[in-house]
Amino acid sequence: MNGRQANSDMLERVVAINRVSKVVKGGKRFRFSVLVVVGDGESKVGVGMGKAREISEAVRKGIEAAKKDLRVVKKVGKTLPHPIIGKFGSAEVLLKPAAPGTGVIAGGVVRAIMELGGVKDVLTKIVGRTNNPINVARATLSAVGALRTPDEILALRGKKRTQETA
């Protein structure tokens, strides 16, 4: 897993860097916006944006924002409990559980979120009309937030886990 270790047991990964320029009288002024994924590699993951004149400052701001937006990835073993589609704007991300040993089959943004969230086996596909990294990240987080484990579903139905449902 290529990710930098932050000081509080969190891994961080810069997913996208965007350079924005503003033309002024003396020339061009550059600013950077950075998309950062932060996770503990087991179950918590967050995404944050940082904007600044320097990349390092933008990364720091993105990490702070991501740590404020941590979510728990619900898993069954090392994969997801069920297939799900996450939507944000025109971005749609399909997440499907995979057999043990499959690995993380995903593109850049979704791969970072899955790996730092501790998911080891998953199949993903961006099926929406956009591949904008920010919208894809938010769609992936919406899918992760909507995941339910079998025990949670049984509890909602007022039932208990038995040998037949295991």
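The name an unreviewed UniProt entry gives the protein is Small ribosomal subunit protein uS5, with Dethiosulfovibrio peptidovorans DSM 11002 as the organism. The UniProt entry for the protein carries this comment under Sequence similarities (unreviewed entry): "Belongs to the universal ribosomal protein uS5 family."

A. Region of interest: the packing of helix H2 (residues 108-116) against helix H3 (residues 133-146). Interhelical geometry of H2 versus H3 gives an angle of 35 degrees and a closest axis separation of 9 Å. Both H2 and H3 take part in a crossing whose hand is right-handed. The residues of H3 that touch H2, namely those facing Val 109, Val 110, Ile 113 and Met 114, are Pro 133, Val 136, Ala 137, Thr 140, Leu 141 and Val 144. Of the residues in the contact of H2 with H3, the class split is nine nonpolar, one polar and no charged.

B. Broad picture of the domain arrangement of the protein. With domains assigned, the protein is organised as domain 1 (11-71) and domain 2 (73-154). Taking only C-alpha atoms into account, the centre of domain 1 sits 22 Å from that of domain 2. Buried area between domain 1 and domain 2, summed over both chains or domains, comes out near 1,300 Å², and the portion from carbon and sulfur atoms is 71%. Arg 13 serves as the salt-bridge partner of Glu 115, at 2.9 Å between the closest nitrogen and oxygen.

C. Structural detail: a nonpolar patch on the surface. A contiguous nonpolar surface patch, about 220 Å² in accessible area, is contributed by Val 14, Ile 17 and Ile 55. Take Val 14: it is sitting in strand E2 (residues 11-24). Relative accessible area serves as the criterion here: at 37%, Val 14 is assigned to the partly exposed category.

D. Spotlight on the pairing of strand E6 (residues 84-88). In this structure, E6 lies alongside strand E7 (residues 91-97), joined through five bridges in antiparallel fashion. Within the sheet, the bridge partner assigned to Lys 87 lies in E7 and is Glu 92. Counted between consecutive antiparallel strands, the loop separating E6 from E7 contains two residues, among which Gly 89 sits at a positive phi close to 60 degrees.

E. Here's a closer look at the side chain of Arg 13. The residue Arg 13 is located in strand E2 in this model. For Arg 13, a relative accessible area of 12% corresponds to the buried category. Side-chain polar atoms of Arg 13 contact the side chain of Glu 115, separated by 2.9 Å.

F. View of the UniProt feature "domain: S5 DRBM" (unreviewed entry) in the protein. UniProt marks residues 10-73 with the feature "domain: S5 DRBM" (unreviewed entry), using the numbering shown here. From the first C-alpha to the last, residues 10-73 spans 15 Å; its make-up is 22% helix and 59% strand.

G. View of the nonpolar core. If you look at the biggest cluster of nonpolar residues, it comprises 28 residues, and the most contacted ones within it are Leu 95, Ile 113 and Met 114. Elements represented by at least two residues in this core include exactly strand E3 (27-39), strand E4 (44-52), E7, H2 and H3. Counting contributing residues, this core receives three or more from each of domain 1 (11-71) and domain 2 (73-154). The residues contacting Leu 95, other than those within four sequence positions of it, are Leu 80, His 82, Pro 83, Ile 84, Val 110, Met 114, Leu 123, Thr 124, Thr 140, Ala 143 and Val 144.

H. Structural view of the sheet that holds E7. Spatially, E6-E7-E9-E8 is the arrangement adopted by the four strands of the open sheet, whose pairing is mixed. If you trace the sheet from one side to the other, it starts and ends with E6 and strand E8 (104-105), each paired once. Along the sheet, H3 contacts E6, E7 and strand E9 (122-126); its crossing angle with E6, the most-contacted strand, is approximately 135 degrees.

I. View of H2. When you tally the buried positions in H2, you get seven out of nine residues, the bulk of the element. Three or more residues of H2 are buried, namely Val 109, Val 110, Ala 112, Ile 113, Met 114, Glu 115 and Leu 116.

J. Spatial organisation of the pairing of E2. The sheet contact formed by E2 and E3 spans 13 bridges and is antiparallel. Considered in E3, the bridge of Arg 19 is made with Phe 32. Turn length for the E2-E3 hairpin, with the two strands adjacent in sequence and antiparallel, is two residues.

The rules behind each value
Residues numbered from 1 in each chain as written. Predicted model: local features only at pLDDT ≥ 70, side-chain atom pairs only at ≥ 80, totals over all residues. Heavy atoms only, no water. UniProt positions renumbered as here; feature names shortened; annotations may be inferred. Axes fitted to C-alpha atoms, helices over the stretch in contact; angles between N-to-C directions. Helix = DSSP H or I, 4+ residues; strand = E, 2+ residues; numbered from the N terminus. Left-handed = near helix turned anticlockwise from the far one by under 90°. Contact = heavy atoms within 4.5 Å. Nonpolar A, V, L, I, M, F, W, Y, C, P; charged D, E, K, R; others polar. Domains from an automatic or database assignment. Buried area = accessible area lost by both parts, 1.4 Å probe. Salt bridge = Lys/Arg side-chain N within 4 Å of Asp/Glu carboxyl O. Patch = residues over 30% accessible without salt bridge, like charges linked within 9 Å, V, L, I, M, F, W, Y side chains within 5 Å. Areas by Shrake-Rupley, 256 points an atom, 1.4 Å probe, with all protein chains shown as cover. Buried < 20%, exposed > 50% of the residue type's maximum accessible area, 1.4 Å probe, protein only. Pairing = 2+ DSSP bridges. Polar contact = N/O pair within 3.5 Å; in protein donor to acceptor, adjacent residues only side chain to side chain. Core = buried A, V, L, I, M, F, W, Y, C linked by side-chain atoms within 4.5 Å.

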